[in-house]
Amino acid sequence: MARLEQAIIMSREAQVADTALFRKDLPKSGCYSALDIGVRLTNDDTVVEDKDFLDVIKHISLVCNGNDYRVHISGKDLFKHYWMKHGRPMPYNWTEVASTGVNEVWFRLEFGRYLGDDQFGLDLSRFNNVQVQIDYDCTKMGTAGTHFTTGTFAVTLIAHQFPYARRPSFRGMMGVREFYTGTTAASGDLVQDLPTANLITALAVSCVEDGVADGTDITDIRIGKNNFSEIWLDGKWYNFAAMQNAALDVREEDFTLVASNGDDKSTHLTNIKNIIVLSPDMTVNATGVYANHFIAGTAVGNYVTLAGDTLTVTVT
Amino acid sequence: MTTYTLTSIAALSAKNAVLRVVGDIHGLLRFPFADPETLEGALTPTDLATAQIKLTQGGAGGVLALLCEEVFGY
């Protein structure tokens, strides 16, 4: 296997617009095994509470020849899909700290079975044009100039590419796409046809509702053909969830908060088994007055609700 | 002798904190059909001609997306 190169296509390039469709044409030639996308946004003077930076990334797409979407998926789903597939999340920093806090998250678009796969990958020379698109909306993090600093949405692109002299001849490439989006109804079955044009190696179902007990509104999933006379998969969401999450290497998520009593924080985990909240913000003044902060959290679905007190102790 | 006197208790307000939660990934399930190395078991266009997914809904307002991982030929 050839040693992959990591080619920096762009590095923390700040975007003027706070809400836009970012487009970047990839080079005309090159064989990519994967493409990493990193995005950042700087907090402003007012603390932003209970906002999800992943909501800023409405969609990430890889568009070939202008209209052939090989990747098209929301930021939230892409982050969780990678986590579920590989057992660990891509790097992230979720912070509410005003002024100096920088929210950051990385995504990986995988074009082969694994990094360095010489059978499957993105061969740019096969297309007239290959474009990365990021549909983003920073106002999901609050108000420009108040909660986030305008003009600080920055994009990094890093290609994991084969050396030019050792480019493989790929048989094909892999992608991941949304083929249906919607909102659930209170009851009843939702039946959708699967896409038919290409081999499908895996399917995923994303269904989230914040702050409800199971974190989802789907109870059963069935996949099959011929009006389900042949069934490939059939079962309860909670059983699949238990089975699939048991295989994860990383089951924890970290946040930096500016916490007040009664705050809610929505996380990317549900069925929360453990909550640890600590405050490093203890103060001591010259006269020996200590302020200690005690915080606890309770969870419903993916919501953590904080309860905390500040105890002031005078030392004499 | 040092004396510690509790002088006040107030509701926590805007203090730095670190939060760690442990649980399951929120609202996403992935169903691989193919062997990750050989891709044996992948759903072919012949399989897919009449293939469907059925979801039983148990509550309104959930944000839903169906995703597929595909292999595109050159």
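For the structure, check the block above.
Residues numbered from 1 in each chain as written. Chains lettered and ligands numbered in written order. Predicted model: local features only at pLDDT ≥ 70, side-chain atom pairs only at ≥ 80, totals over all residues.

### Some thoughts on the overall build of chain A
A tally of helices and strands in chain A yields 2 helices and 21 strands. Taken over the C-alpha atoms alone, chain A extends approximately 75 × 50 × 35 Å along its principal axes. Burial analysis of chain A (316 residues in total) assigns 38% to the buried set. Considering only contacts in chain A between residues 6 or more positions apart, those separated by 24 or more positions represent 70%. (Helix = DSSP H or I, 4+ residues; strand = E, 2+ residues; numbered from the N terminus. Buried ≥ 20, exposed ≤ 12 C-beta atoms within 10 Å, placed from the backbone. Contact = placed C-beta atoms within 7 Å.)

### As for the nonpolar core
By size, the foremost hydrophobic cluster in this structure holds 88 residues, and its most contacted members are Ile60, Leu109, Phe111, Ile200, Leu203 and Val205 of chain A together with Leu67 of chain B. Among the elements that take part in this core, strand β13 (residues 199-208) of chain A stands out by supplying 8 residues, more than any other. Both domains that furnish three or more residues to this core are identified here as domain 1 (5-180) and domain 2 (264-314) of chain A. If near-sequence neighbours (up to four positions away) are discounted, Leu203 of chain A is found in contact with Ile223 of chain A together with Phe31, Ile53, Leu67 and Cys68 of chain B. (Core = buried A, V, L, I, M, F, W, Y, C linked by C-beta atoms within 7 Å. Domains from an automatic or database assignment.)

### A word on the sheet that holds strand β14 (residues 218-225) of chain A
Spatially, β12(A)-β4(B)-β14(A)-β15(A) is the arrangement adopted by the 4 strands of the open sheet, whose pairing is antiparallel. Where the open sheet ends on each side, the last strands, each with one partner, are β12 (189-193) and β15 (230-236) of chain A. For this sheet, the mean inter-axis angle between neighbouring strands, taken without regard to orientation, is 15°. In the sheet, β14 of chain A pairs with β15 of chain A via 6 bridges, with the strands oriented antiparallel. Of the residues in β15 of chain A, the one forming a bridge with Lys225 of chain A is Glu230 of chain A. (Pairing = 2+ DSSP bridges. Axes fitted to C-alpha atoms, helices over the stretch in contact; angles between N-to-C directions.)

### A word on the environment of Phe228 of chain A
On the secondary structure map, Phe228 of chain A appears in the loop between β14 and β15. Apart from the residues within four sequence positions on either side, Phe228 of chain A is in contact with Arg222 of chain A together with Lys54 of chain B.

### Describing helix α1 (residues 75-86) of chain A
Three- or four-residue spacings in an α-helix give side chains the same orientation, since the helix completes a turn every 3.6 residues. Residue and element names in this part refer to chain A. Helix length check: α1 (12 residues) gives 17 Å between terminal C-alpha atoms against 16 Å at 1.5 Å per residue, within 8%. For α1, the buried fraction is high: 9 of the 12 residues fall into the buried class. Positive backbone phi, at 90°, marks Gly87, one or two positions downstream of α1. (Expected span 1.5 Å × (residues − 1).)

### Topic: the interface of chain B and chain A
At the interface, 68 residues of chain B touch 114 residues of chain A. Those elements that place two or more of their residues in the side of chain B that touches chain A are β1 (4-11), β2 (15-25), β3 (28-32), α1 (45-48), β4 (51-57) and β5 (63-73) of chain B. Bridge count for strand β16 (residues 252-259) of chain A against β2 of chain B is 8 bridges, and the pairing is antiparallel. Its bridge partner being in β2 of chain B, Leu257 of chain A is matched across the sheet by Ala17 of chain B.

### Some words on the sheet that holds β16 of chain A
Reading across the sheet, the 3 strands line up as β16(A)-β2(B)-β18(A) and stay open at both edges, with antiparallel pairing between neighbours. Of all the strands in the sheet, just β16 and β18 (269-278) of chain A have a single pairing partner and so form its edges. The mean angle between the axes of side-by-side strands here comes to 25°, regardless of whether they run parallel or antiparallel.

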